[in-house]
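For reference, the chains in residue letters:
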Amino acid sequence: MEHSVRACRVFAPWNGNGGGSPFAAMQASSSPMSAFPSTDRSFYLRLAALVGGLSLLAGCGGPTILPGTDNLTSPVILDESAAAAAISRYRASHGLGPVVLDPSLIRAASYQAESNAKAGRLSHEIGGTFDSRMARAGFGRSHAAENLSAGSTTFDEVLARWKASPEHNKNMLIPQLKRVGIARVDAPGTRYKRFWALVLAGG
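Residues numbered from 1 in each chain as written. Predicted model: local features only at pLDDT ≥ 70, side-chain atom pairs only at ≥ 80, totals over all residues. Heavy atoms only, no water.

## Considering the packing of helix 2 (residues 80-92) against helix 5 (residues 155-164)
One way to put it is that helix 2 packs onto helix 5 with a least axis distance of 11 Å and a crossing angle of 30°. By the criterion of interaxial angle, the relationship of helix 2 to helix 5 is roughly parallel. In this structure, helix 2 meets helix 5 at a crossing whose hand is right-handed. Counting all contacts with helix 2, which are made through Ala83, Ala86, Ile87 and Tyr90, the residues of helix 5 involved are Phe155, Leu159 and Lys163. (Axes fitted to C-alpha atoms, helices over the stretch in contact; angles between N-to-C directions. Helix = DSSP H or I, 4+ residues; strand = E, 2+ residues; numbered from the N terminus. Parallel < 35°, antiparallel > 145°, perpendicular 65-115°, else oblique. Left-handed = near helix turned anticlockwise from the far one by under 90°. Contact = heavy atoms within 4.5 Å.)

## What about the pattern of salt bridges?
Within this structure, the stated rule accounts for five salt bridges. Between Arg179 and Asp102 there is a salt bridge, with its nearest N and O atoms 3.5 Å apart. Placement of Arg179 in strand 5 (residues 179-186) and of Asp102 in the loop between strand 3 (100-101) and helix 3 (103-119) is noted, with a sequence separation of 77 residues between them. For Arg179, a relative accessible area of 29% puts it in the partly exposed group. Salt-bridge contacts for Arg161 lead to Glu157; the nearest nitrogen and oxygen are separated by 4.0 Å. Here Arg161 pairs with Glu157, and both are found in helix 5, just four residues apart, close to one helical turn. (Salt bridge = Lys/Arg side-chain N within 4 Å of Asp/Glu carboxyl O. Buried < 20%, exposed > 50% of the residue type's maximum accessible area, 1.4 Å probe, protein only.)

## Remarks on the side chain of Asn147
Here Asn147 is to be found in strand 4 (residues 144-150). Polar contacts involving the side chain of Asn147 include one to the main-chain carbonyl oxygen of His168, which spans 3.3 Å. (Polar contact = N/O pair within 3.5 Å; in protein donor to acceptor, adjacent residues only side chain to side chain.)

## Details of the nonpolar core
With 21 residues, the main nonpolar core has Leu105, Met134, Phe195 and Val199 as its most contacted residues. For this core, the secondary structure elements donating two or more residues are helix 3, helix 4 (130-136), strand 4, strand 5 and strand 6 (194-201). The biggest single contributor to this core is helix 3, with five residues. Look past the residues within four positions of Val199 in its chain and what remains in contact with it is Leu105, Ala108, Ala109, Phe130, Met134, Ala145, Glu146, Arg179, Val180 and Gly181. Core analysis: the second largest hydrophobic core is formed by 20 residues, Ala83, Ala84, Val99 and Leu173 among them. (Core = buried A, V, L, I, M, F, W, Y, C linked by side-chain atoms within 4.5 Å.)

## A look at the side chain of Ser142
Relative to the elements of secondary structure, Ser142 occurs in the loop between helix 4 and strand 4. A relative accessible area of 4% places Ser142 in the buried class. There is a polar contact of 3.0 Å between the side chain of Ser142 and the backbone nitrogen of Gly202.

## Regarding helix 2
Side chains that are three or four residues apart share a direction in an α-helix, a result of its 3.6 residues per turn. The terminal C-alpha atoms of helix 2, which comprises 13 residues, lie 18 Å apart, in line with the 18 Å expected from a rise of 1.5 Å per residue. Along helix 2, the residues classified as buried are Ala83, Ala84, Ala86, Ile87, Ser88, Tyr90 and Arg91. On its buried face, helix 2 sits against strand 3, helix 5, helix 6 (166-172), strand 5 and strand 6. (Expected span 1.5 Å × (residues − 1).)

Below, the structure is given as structure tokens:
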């Protein structure tokens, strides 16, 4: 089974006293910043080795993927409450507060999962940049993160892959996060068939 994963995050404090960035590759700013500006091929290859198999890790600063013909897609009904509870338990094991489901973030996750499923590949740029999508969801001035994945059949499986990936793991353990949305959209005619999106935000 083939898998692909991508991570993205931005840091946009409410004001100048929002504190330092929790990420070494970022600096505090009043506007969102791409977490991984590097486009060096060796950089991506080194990250890919962290998750094993046919996997890909990249930041939201990567090249835009232009979708071709839309693939047929179908949303999958998830137990979102169970997913949020699992993430909350994981955060609690690291001394962090819980997350709760947010309808706006569920819609944002569904939109991105469907956009990727239609294109048949993962990208944080399909459907608009991450920071612009967060602004539309009402979280334009909040800590926010997005994990994408393709190929996993269950939430437990995709969660395990995100935990095993350092950058995706960091996203789920951002201290300021309080809200979450999760979605899966299937595209049976594509290479990976199952596309996941996890969107987290503070506020």
